[in-house]
Structure formats: structure tokens, C-alpha cells
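Next come the chains, spelled out residue by residue.
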Amino acid sequence: MTGGVVSSLGKGIIASSLARLLLSRGYRVTIQKFDPYINIDPGTLNPYEHGECYVTVDGHEADLDLGHYERFTNIQTTRANNVTTGRIYQSVIDKERRGDYLGKTVQIIPHITDEIKRNVKLLGNTGDYDFVITEIGGTVGDIESTPFLEAVRQLRWELGRNALCVHLTYVPYLKAAKELKTKPTQHSVKMLQQVGIQPDVLVLRTEKEIPPNMLRKVAQFCNVSPEAVTQSLDVPTIYQVPLMMHAQKLDEIVLEKMGVPYEGEPDLKRWNNFLDKLKSAEKVVRIGLVGKYVELQDAYKSINESLSHAATYCDRRLKLEYIHSEKLTNSNVDERLRGLDGVIIAPGFGQRGIEGKFVALKWCREHDIPTLGICLGMQCMVIEFARNVLGLPEANSTEMNPHTPDNVIDLMEEQKSVSNMGGTMRLGAYECVLLPDSKAAEAYGTTTVKERHRHRFEFNSDYRDRFEAAGMKCVGENPATHLVEVVELPDHRWFVGTQYHPEYSSTVLDPNPLFISFLNAAITYGAEQGHDDNN
Ligand code: GLN
């Protein structure tokens, strides 16, 4: 899958939708993303650069599109599903140093392109999949994408009918002329043809319905069969896109062009159930998300989506309010948080905005409002409790103040020898054992869970007895290392902090139980408080 004209057209959503349709027809499918930047992975990028950093079960810091892949397909991705130019070059340079190319000049073609092709085929070679959808990041024409497109060109020759190119473009609507314009699409297909790739299927992203004659014109100019020119119109929810693409037979076109026999319709019963619930929910649940990246809609993508899954299954419409932690003070907190049904304290790094999180947490704790702290949010729960309940006013994380006298959150032992920043956090899924009578165990319906992590700092167990005596219980820990993974205030209606990120594992068909439990508590609280649940 390639993209043209502009970025951010939602290639990941189209790839995920096609995967959903093929899965619902009984095929085994996975999706991978190739990012043309030189970073080894997005773990070192801040959210302003690239939105949220997603984490796979095997501990890879990945592009946020992998989150979409998992939420649409219910299939867990791994390190092999996200490869950057940096990884490709690193591997080629390592081979060169080892002497694998001894005597030869190492070049972009064939060595870099061969390494790209090897990675493209890696997942397919496992034998676990019938289809591997490969999303090429960036836009056709970018200097950085050129080696990837050359690899795609070669692969199409090697694989014949077993390879197919879906190209996503944009059809702008010019208000002044009151016209949709297909010229940028024609140009971007030309550019693709110039590098030797003829797209088989076009998906035209548009804000206004494209009339059939215009689609036919695009087919004619771009050498694509008319039925294979489809459009992706703006829809109220991304989860509707598979249905919209199915209505235009995207799945059938792909199967036909690849010579794969098919019959009948994809089984989208559970998917449709979810959509029906999403559309028919009338009452709202109002959640506040306290963080420092409120102006970026992609920074907390997985939390946002997890909440939307959970709200849907609780028959509610999610109203998510982003609350800027840097602007939260003791004098405005009441006005900002009152009226919410529940509050989430966001993950994060560094000092900026952290004091606002303490302000929010104190208010939430004292008003007994359902509260979920995630990663840094959980660490803030611990610090706020230490400062205001244990009477340790200078309690902190050594991340924020290395000289704090009360390091209730401290660097993990295994991190003390780490000096490289990339890929060295505690990453990926770890087991967590929950106390049977905890809110978390009740939510999951089990006492052993596996959730994903991304952190360097951790609850300092030297303080555990003092916290527990004062009412903050450590209800979840890693069975091997005894690291504290979940804290709770059992005498509160729902006040839970997780060192792990439950948002990475929530999917449309399998919403994360902790978010469901949190929202149920929020709904009950809202009703008790007499919050208006209609708007
Ligand atoms: N900064 C904290 C740590 O490294 C929390 C990380 C996070 O919220 N993902 O431990």
C-alpha cells in the first residue's frame, strides 16, 4: 500500500480495513509498516514529531499505525511489523562489518533494496499468513521513500500475481470553483508509474462524494480498471471504513486480482454489533484526560480509542475532555474537573506539566471520583499520596528530582547501568499477579494478566509498608521481580493506577476490561452526582 499527494490520508486505516475484511472472510492476515525515517524506531521521538509511540507485546517501540492494525484485526504485532530506514541500514552496515559482502561495493541497489525485500517477506515466510499487507510510509515522490518503492517494483516482478499495489490519494474539493479535482491523483499515479509501479487499485480519499463519471475518468487516465477505483469518504468513525470499503467491493477486487477464489460475504456480525452500539448510544459519559499534549490529537491515540471501545460496550457516547496539566492549579481545578464522571492521568516523561497532575489527583482523591492513572499517571498517584497523606512534602520520582529525600518512585535497578536512550526502557508485555479482592482483579475477572510496559522508573518498595498502612495498596506485582505494577485506594469507589499501559491491548472486538470497569464506575458516579448524561 502506497500513498500519494499528501500525508495523513489514513493509509493505516485503509490497510487495517482491508485486513479486517480479509480476516472476516477467514483468511490469515497481518499488516506491517515501513517508515522511511532514519531513527531505528520511534521510541526516541516526542509526540510532536510522530504522535503516540505504540508498544508491541515483544517490546518494540512502534509507529502508532500498529495500534490501528491491532485494534482492527485483533492480531498482535511484533518487531517484524514495523521497520524503518534506520533498521534497514543498520542491518546492512552490520553485515558489511561482519564481512558478508567481502570484496563488494555495498550500494543502495541492490543491498538496501534486498534488505527491504527480505523484511517485506519475513512475516510471509513464517507460513502463518495468507496475506501480508505492507504499508509504505510517506508519500510517493519523497526522496526518502525511493528505495522502498524500488523494492516494491522488484517484488512485483518476483511475486507476479501474488503481489498487488493499492495506492491511496487525495481528491481535494475547491470551494470557490465548487469542484472536486482529480489532477493531483493523476500526477501521483504518474509518479508511481515513473518508478515502474502500476497501481492495481486506487483509493481516493475525499471529503465530498466523487461522482461515478469522475471515478471512470481517473480509471482511464491511470490505467486502472474502473471497478478498482474506489473512494474513501469522510465518515463519523474510522471503524466504519471497513464497511464503506466493502460496499465498494475492495476485498473482492483484491481477491480477484490476486486470483484467490472466494465466495459469499465476510462475516462482520460482531463488527456490525459494535458499530450499531456506537451509533445508537445516546447517553454520554464524560471523561477528563489530564496530560501535557492536549493540543495533539495523536499523542494519546490508544487511550482515546480504548475509552471509545469501552464507552461503546457500556452503551455510552464518549465525551473526552483534554485537560492541560500545565494550566491546572489549585484555584481552577474545581471548575475544570467538576462535572466529569471520571478522570485519567496520562503517561509521560519529564517535569513539564507534572505539578498539574498532582493538583488533579489530590482533587480526584478528595472528591472520590473514579480515577485511572497510567504509567507516569500511576507514579503521580503514588507521589501525590506520599506528599499529602504520608506527610512527605518533598516526595518525588528521581526522574523529576534526583536528589529528593523521599524517592517513592525510583529508577529500576536494571536501568542503572543503561546509558543509551533508544530501546532500553522496560518494554513489552510482562505478567502481573493481582490480589483477588482488588478492583483490578474484579475488572479482569482473573488474577493473572499480561500487559505492556514502557518505563524506566518504578514504585520504590522500601516505602510499601507505609503506603499500605495509610490506605494505598499495592495490588498487582510482577511475579518474577516483585515490581509493583498496580496500586489502588480500596476505600475509594475506583482509584487505580497501573504501571503498565492497558490502552495498548484494547481492540474493537476485545475491549480492555480495566477501561470497561473504569467507565462503569464513572457512569455510576455520574448518575449519583446527577450529572446531565444527555449532552
Ligand atoms: N517517565 C516514567 C518512566 O520512565 C513513565 C513513563 C510512561 O509514562 N510511559 O518510568
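The structure presented is a predicted model; accordingly, all values stated were derived computationally and were not measured. (Residues numbered from 1 in each chain as written. Predicted model: local features only at pLDDT ≥ 70, side-chain atom pairs only at ≥ 80, totals over all residues. Heavy atoms only, no water.)

## Some thoughts on the sheet that holds strand 2 (residues 29–35)
Part 1 of the argument: As summarised here, the arrangement of the three strands in space is 5-2-6, forming an open sheet in which the pairing is parallel. The open sheet has two edge strands with one neighbour each: strand 5 (82–84) and strand 6 (131–136). Each strand of the sheet is rotated relative to its neighbour by a mean of 20 degrees, with strand direction disregarded.
Part 2 of the argument: Pairing of strand 2 with strand 5 involves three bridges; the strand directions are parallel. Pairing of K33 across the sheet is with N82, part of strand 5. (Pairing = 2+ DSSP bridges. Helix = DSSP H or I, 4+ residues; strand = E, 2+ residues; numbered from the N terminus. Axes fitted to C-alpha atoms, helices over the stretch in contact; angles between N-to-C directions.)

## What about the sheet that holds strand 13 (residues 317–324)?
Part 1 of the argument: Taking strand neighbours across the sheet as the criterion, the nine strands line up as 13-12-14-15-22-21-20-17-18 in an open arrangement whose pairing is mixed. Taken across any chain shown, the strands that pair with only one partner, and hence form the sheet edges, are strand 13 and strand 18 (448–455). Neighbour-to-neighbour, the strand axes of this sheet turn through a mean angle of 30 degrees, independent of strand direction.
Part 2 of the argument: Strand direction decides the pairing type here: strand 15 (residues 371–374) and strand 22 (residues 495–498), joined by four bridges, are parallel. In the sheet register, T371 faces strand 22, and the bridge partner there is F495.
Part 3 of the argument: Each of strand 14 (342–345), strand 15, strand 18, strand 21 (484–488) and strand 22 touches helix 15 (residues 376–388); the most contacted strand, strand 15, lies at about 115 degrees to it. (Contact = heavy atoms within 4.5 Å.)

## A look at the pattern of salt bridges
Part 1 of the argument: Within this structure, the stated rule accounts for 34 salt bridges.
Part 2 of the argument: Measuring nitrogen to oxygen at the nearest pair gives 2.8 Å for the salt bridge that ties D315 to K277. Linking D315 in the loop between helix 12 (301–313) and strand 13 with K277 in helix 11 (residues 269–280), this pair joins segments that are 38 residues apart in sequence.
Part 3 of the argument: Taking the relative accessible area as the measure of exposure, K277 reaches 28% and is therefore partly exposed. (Salt bridge = Lys/Arg side-chain N within 4 Å of Asp/Glu carboxyl O. Buried < 20%, exposed > 50% of the residue type's maximum accessible area, 1.4 Å probe, protein only.)

## Focus: the pairing of strand 13
Part 1 of the argument: Alignment of strand 12 (residues 284–291) against strand 13, held across eight bridges, turns out to be parallel. Within the sheet, the bridge partner assigned to L289 lies in strand 13 and is Y322.
Part 2 of the argument: With helix 12 bridging strand 12 and the parallel strand 13, this β-α-β connection has right-handed handedness. (Right-handed = clockwise from strand over helix to strand, strands pointing away.)

## A look at the site of the ligand
Part 1 of the argument: Around the ligand sit P347, G348, F349, C375, L376, Q379, E399, R454, H455, R456, F457 and H501, and that is every residue in its neighbourhood.
Part 2 of the argument: Taking E399, its side chain carries an N or O atom lying 2.7 Å from a nitrogen atom of the ligand.
Part 3 of the argument: The separation between an oxygen atom of the ligand and a polar main-chain atom of F457 is 2.8 Å.
Part 4 of the argument: Protein chains bury 99% of the 300 Å² of accessible surface belonging to the ligand in isolation.
Part 5 of the argument: Residue assignment for the shell around the ligand shows that the elements contributing at least two residues are helix 15 and strand 18. (Near = heavy atom within 4 Å. Polar contact = N/O pair within 3.5 Å; in protein donor to acceptor, adjacent residues only side chain to side chain. Areas by Shrake-Rupley, 256 points an atom, 1.4 Å probe, with all protein chains shown as cover.)

## Quick word on the side chain of Q32
Part 1 of the argument: With respect to the helices and strands, Q32 occurs in strand 2.
Part 2 of the argument: Residue class for Q32 comes out buried when judged on its relative accessible area of 0%.
Part 3 of the argument: Among the polar contacts listed, one links the side chain of Q32 to the side chain of T134, at a separation of 2.7 Å.
Part 4 of the argument: Leaving out residues up to four positions away in the same chain, Q32 has contacts with Y69, A80, N81, N119, V120, L123, V132, I133, T134 and E135.

## Observations regarding the environment of I14
Part 1 of the argument: With respect to the helices, strands and loops of the structure, I14 is situated in helix 1 (residues 11–24).
Part 2 of the argument: Beyond its immediate stretch of four places on either side in the chain, I14 contacts M1, L168, V203, S232, V241 and M245.

## Brief notes about helix 5 (residues 108–125)
Part 1 of the argument: Compared with an ideal rise of 1.5 Å per residue, which puts 18 residues at 26 Å, helix 5 spans 24 Å between its outermost C-alpha atoms and is within 8% of the ideal.
Part 2 of the argument: The complete set of buried residues in helix 5 reads H111, I112, T113, E115, I116, K117, N119, V120 and L123.
Part 3 of the argument: The positive-phi residue at the C-terminal boundary of helix 5 is G127, with phi of around 80 degrees. (Expected span 1.5 Å × (residues − 1).)

As far as function goes, none of this settles anything; it's purely spatial.
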